[in-house]
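Topology and contacts: notes
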Amino acid sequence: MAFVIHRLALLVPTVLGVTIITFFMIHLIPGDPARTILGIHATPRAIAILHAQWGLNRPLVDQYWLYMDRLVHGNLGQSLYYGSGVSGLITSRLPVTLWLIIYAALLAVIISVPLAILAASRKDAIRDHAVRVIPLLGLGMPAFWLALILQSQLSVRFRLFPVTGYGTGFAGHLHSMFLPSLTVAIALCPVIVRSLRASMLDVLGADFITTARAKGVPASRLFIRHVLRNAIIPAVTVLGINIGFLIGGTLIVEQVFGLPGVGSLLVQAIFERDFPVVQAVALIFGIMVVMVNLLTDVAYATLDPRVRFDR
Amino acid sequence: MSAISIPAAEGSPGSAPRAAGERAQNRRSRWYRQPTLMAGLVITGLILFLVIAAPLLTSYNPDTQNFAATLQGPSAHHLLGTDQLGRDTWSRLLYGGRTDLRIAFIAVLLPFVIGTIVGSLAGYFGGWVDIVIMRLVDIVVAFPFFVLIIALVFVLGPGERSIYIAITLVGWVSYARIIRGQILVAKRQEYVAAAQSGGLSAVRIMGRHLLPNVISQAIVYALSVDIEQDILAIVTLSYLGLGIQPPAPDWGTMISDGQNFLTTHWQLTTIPGLAVVVTGLGLSLLADGLADLLRLGQS
């Protein structure tokens, strides 16, 4: 419990810091932010309205206060392109992104577990080296490129999956979002395989495995009942730690597959020079990562009583 | 591993006496005996050679358009064919890699220097310095890497300068974490206590005594993982139109230019993508090999 409270206390400065960074983004814009955002054809009136809206003529502290006041009231600003509130845009698109993240995480685990077992079952054998090297290909692969290739081959040429879209109903989502999720999962696999393999090797060296082997437990049962069970917690933690990586992977994949999620909202906002949307999406993703990291830490400490961390 | 120990002649010039174990250790940690490291070196070296020697390997200017020869397949004249503007793909691939790798190598420098200094301060002084710096680190890592980089380059305006600024603002964090962790361990060593009681200044102890002992891991990280990550960031930014501005060649713009012809001229998108993948693989292998070498050297 003390650990949870300590962890929650650390949350406050981090979340405040995240808001400060997104707040300062507007001041990184070269020149007059309002003029740059609205473009060269902006009327002086439109610029004046934006100045008033963001309080650009007031001292920095006042501006931040104004920004925080808005955030606390759930107002993430007005989209310049859509003309509507950014909060509404994000809430309507969040389910798609969450679907993608969870689906990709599941696929990544489904792909990684057999690979890790394959590698750990005979350390330093050829298959161990193969499993360690092949996923490295996924690590250096631009997600948008892989998305384009998978889409052009499996969807356009062989018509196995819809080219774009989200699908309808649970089965529809599952079908339509397979390729986007696979793209994200492939980038994630190397990290999971690596940690799962390491923790499996750790478990394999433990006394209770020797005991089980001596009792004649068959290898398949040994791996599923004893090794995997103990090795999966660190792997899930790695997934939690890499939530930022996972979210980063969804951005352009959503764009390529035409999924109406928060990631493609960000990419389109960049094309439309819609600053309030970019700022709000960065903020939401930042806070999402902080929250998931908190949950991972707490879950880890609850599941594994050996881990209570120092202090 | 048959370690035959031949005791070195005591006092003979240039050869210090060594224990048998240390010899075996050294033999195992010899760099050319590491298959991963060798594979990484060969792949990375080959790619570096190709992009550096680009002017010798192609006679085409990567930006010269030729509307009489658009969207051609591979031929004796154009090794990898031409794109929709009749530009030579092989030439654009080489010069594109030149741009991306140059920016990636430069982009690593500032985060490395800043992160190393900040991490040393946090690790050495501890206390409130450490608390403030680590909270700052927490805040930066809260953002997904790509989201923050893309948002920063967007507000700073597209182009090379913005890429450097964005990567510096985000990238220093990893170095700060690595160096801080290493310094926390290293500062408990006796030589540090000796230097402190000798009255050396904190700056001197950090710079002359601690850093040379802890910097290797940060260098390995810079040369492999970080460069790879930066290449991906640059390519992604260019794909979004925020990075290298056309007509300058770069792998990201090549992929995005080619995607409209994916069903008819698949090579236009596939080849630059493969270039990124192979470069990434080379750097990953290099990272793994170097990490193994460091582990062996330390144990």
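Fair warning: this is a prediction, and the values are worked out from it, not measured in the lab. (Residues numbered from 1 in each chain as written. Chains lettered and ligands numbered in written order. Predicted model: local features only at pLDDT ≥ 70, side-chain atom pairs only at ≥ 80, totals over all residues.)

A tally of helices and strands in chain B yields eleven helices and zero strands. Counted from the first residue to the last, chain B has its helices and strands arranged as α-α-α-α-α-α-α-α-α-α-α. A burial count over chain B gives 45% of its 299 residues as buried. Of all intrachain contacts in chain B linking residues separated by at least 6 positions in sequence, the fraction that spans at least 24 positions is 67%. (Helix = DSSP H or I, 4+ residues; strand = E, 2+ residues; numbered from the N terminus. Buried ≥ 20, exposed ≤ 12 C-beta atoms within 10 Å, placed from the backbone. Contact = placed C-beta atoms within 7 Å.)

Okay, unusual backbone geometry next. In the segment running from Pro-246 of chain B into Pro-247 of chain B, the intervening peptide bond is cis, with an omega of 10°. Its location among the elements puts Pro-247 of chain B in the loop between helix H9 (202–239) and helix H10 (251–258). Of note, Arg-159 of chain A is a non-glycine position whose phi angle comes to about 50°, a positive value. Mapped onto the fold, Arg-159 of chain A is located in the loop between helix H7 (143–157) and helix H8 (169–176). Of the residues examined, Arg-159 of chain A has 9 C-beta atoms within 10 Å and is grouped as exposed. With a phi angle near 55°, Arg-273 of chain A is a residue other than glycine that sits in the positive phi range. By the secondary structure assignment, Arg-273 of chain A is in the loop between helix H13 (262–271) and helix H14 (275–303). What makes Arg-273 of chain A partly exposed here is the crowd of 15 C-beta atoms within 10 Å.

Once that is clear, we can look at the packing of helix H4 (residues 89–125) of chain B against helix H5 (residues 127–142) of chain B. All names here are of chain B. At a closest axis distance of 7 Å, the pairing of H4 and H5 adopts a crossing angle of 140°. Compared by their axis directions, H4 and H5 come out oblique. The two elements H4 and H5 meet at a crossing, and its hand is left-handed. Across from Val-118, Leu-121, Ala-122 and Phe-125 in H4, the residues of H5 making contact are Gly-127, Val-129, Asp-130, Ile-133 and Met-134. Split by residue class, the contact of H4 with H5 holds seven nonpolar, one polar and one charged. (Axes fitted to C-alpha atoms, helices over the stretch in contact; angles between N-to-C directions. Parallel < 35°, antiparallel > 145°, perpendicular 65-115°, else oblique. Left-handed = near helix turned anticlockwise from the far one by under 90°. Nonpolar A, V, L, I, M, F, W, Y, C, P; charged D, E, K, R; others polar.)

Turning our eyes to something else, we now look at the packing of helix H5 (residues 86–121) of chain A against H13 of chain A. Residues and elements named next belong to chain A. Remark: H5 packs on H13, axes separated minimally by 7 Å, with the N-to-C direction vectors making an angle of 125°. Considering the angle they form, H5 stands oblique to H13. Contacts from Leu-89, Ile-90, Arg-93, Leu-94 and Thr-97 in H5 reach Val-262, Gly-263 and Leu-265 in H13. Partitioning the contact of H5 with H13 into residue classes produces five nonpolar, two polar and one charged.

Chain B puts 39 residues into the contact, and the matching count from chain A is 35 residues. Secondary-structure elements contributing two or more residues to the side of chain B that touches chain A are H5, helix H6 (145–156), H9 and helix H11 (267–298) of chain B. Partitioning the side of chain B that touches chain A into residue classes produces 26 nonpolar, ten polar and three charged.

In a regular helix each residue adds 1.5 Å, so 13 residues correspond to 18 Å; helix H4 (residues 60–72) of chain A covers 18 Å between its end C-alpha atoms and thus fits that length. Of the residues flanking the end of H4 of chain A, it is Gly-74 of chain A, one or two places downstream, whose phi is positive at about 75°. (Expected span 1.5 Å × (residues − 1).)

The nonpolar side chains of soluble globular proteins are, as a tendency, buried together. Residues Val-281 of chain A together with Ile-149 and Ile-150 of chain B are the most contacted members of the largest nonpolar core, which totals 155 residues. Ile-150 of chain B has contacts with Ile-270 of chain A together with Leu-237, Leu-240 and Leu-242 of chain B, leaving out every residue within four places of it along the chain. (Core = buried A, V, L, I, M, F, W, Y, C linked by C-beta atoms within 7 Å.)

Residues and elements named next belong to chain B. On average, residues of chain B score 84 in pLDDT, and 88% of them are at 70 or above. Ranking the elements of chain B by mean pLDDT puts helix H1 (residues 20–28) last with 56 and H4 first with 94. For the stretch residues 1–18, pLDDT sits under 50, and the model shows twelve contacts to residues farther than four places along the chain or on other chains. Taken together, the chains of this predicted complex give a pTM of 0.86 and an interface ipTM of 0.88. (pLDDT = per-residue confidence, 0-100.)

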